[in-house]
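Examining the three-dimensional arrangement
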Amino acid sequence: MRRAMTIMALVAATGLVTACGGSGADDKKPAADKGAAVSSEPTVDGQDETDEADTADKTDKTYEVVLEVGGSGKSSVYYVLGTNRMEQVSLPWKKSDSITLNSTQRKVGTIVSVAPGPVAQSNGQLAAAPCSITVDGKKVVEDPGGAEGKHLCEFTLH
């Protein structure tokens with residue numbers, strides 16, 4: 001029971017951290033760097049000067065995110081994937097979603113996480129199920145689960 005309460009507290013804290021990311025409005029222009037010179041005059045061909053890196057930073061980016069929890073039987077799974085959720089599931093479990101971040105969200109970062117609930121081990125003890133997070137086909141976080149330690153898979157998208 002104590003372990004379940006600890007996991008619920010971790011998920012709640014993760015949810016609070018991600019919920020405080022901002023309003024999502026990106027219609028405000030960022031302030032210019034203090035050391036950079038800003039020119040409002042057009043170049044010779046009539047186009048404004050634009051740094052390619054600045055253009056790349058201002059575009060939206062979509063990530064394909066997959067959360068997985070291993071094991072067998074039934075368990076609760078707490079996750080943050082665009083929204084905060086808790087589900088009672090049959091294991092193994094997998095949840096996929098596309099998350100699009102605008103330039104402001106990419107600067108700050110958006111957390112995706114999964115906290116597996118307890119599952120019965122072969123010796124009868126309860127332990128956290130293994131979990132992993134895959135982003136754009138690359139596994140970025142993996143936790144083997146177990147009875148000892150904190151078991152949470154968490155990754156920040158930028």
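Predicted, not measured: the structure shown is a model, and the values here were computed from it. (Residues numbered from 1 in each chain as written. Predicted model: local features only at pLDDT ≥ 70, side-chain atom pairs only at ≥ 80, totals over all residues. Heavy atoms only, no water.)

1. Remarks on the nonpolar core
Note the following rule: Here the nonpolar core consists of buried residues drawn from Ala, Val, Leu, Ile, Met, Phe, Trp, Tyr and Cys, with membership extended through side-chain atoms lying within 4.5 Å. Remark: exposure states derive from per-residue accessible area (1.4 Å probe, protein chains only) relative to the maximum for the residue type, with buried under 20%, exposed over 50%, and partly exposed in between. Strands here are runs of E lasting at least two residues and helices are runs of H or I lasting at least four, both read from the DSSP assignment and numbered beginning at the N terminus. Contacts are assigned to residue pairs with any non-hydrogen atoms lying within 4.5 Å of each other.
If you look at the biggest cluster of nonpolar residues, it comprises 22 residues, and the most contacted ones within it are V65, L67, V69, W93, V114, I133 and L157. Secondary structure elements with two or more residues in this core: β1 (61-80), β2 (84-101), β3 (110-116), β6 (131-135) and β8 (153-157). With six residues, β1 is the single largest residue contributor to this core. Other than its neighbours up to four places away in sequence, V114 contacts L67, E68, V69, V77, Y78, Y79, W93, C131, S132, I133, L152 and C153.

2. What about the pattern of salt bridges?
What counts is decided by this rule: One side-chain nitrogen of Lys or Arg within 4 Å of one carboxyl oxygen of Asp or Glu is enough to make a salt bridge.
Summed over the entire model, instances satisfying the criterion amount to two salt bridges. Here E87 and R85 are joined by a salt bridge, their closest N and O atoms 3.8 Å apart. Of the residues examined, R85 reaches a relative accessible area of 41% and is grouped as partly exposed. Across the pair E142 and K139 runs a salt bridge whose closest N-O atoms are separated by 3.9 Å. In this structure K139 comes out as partly exposed when scored by relative accessible area, which is 44%.

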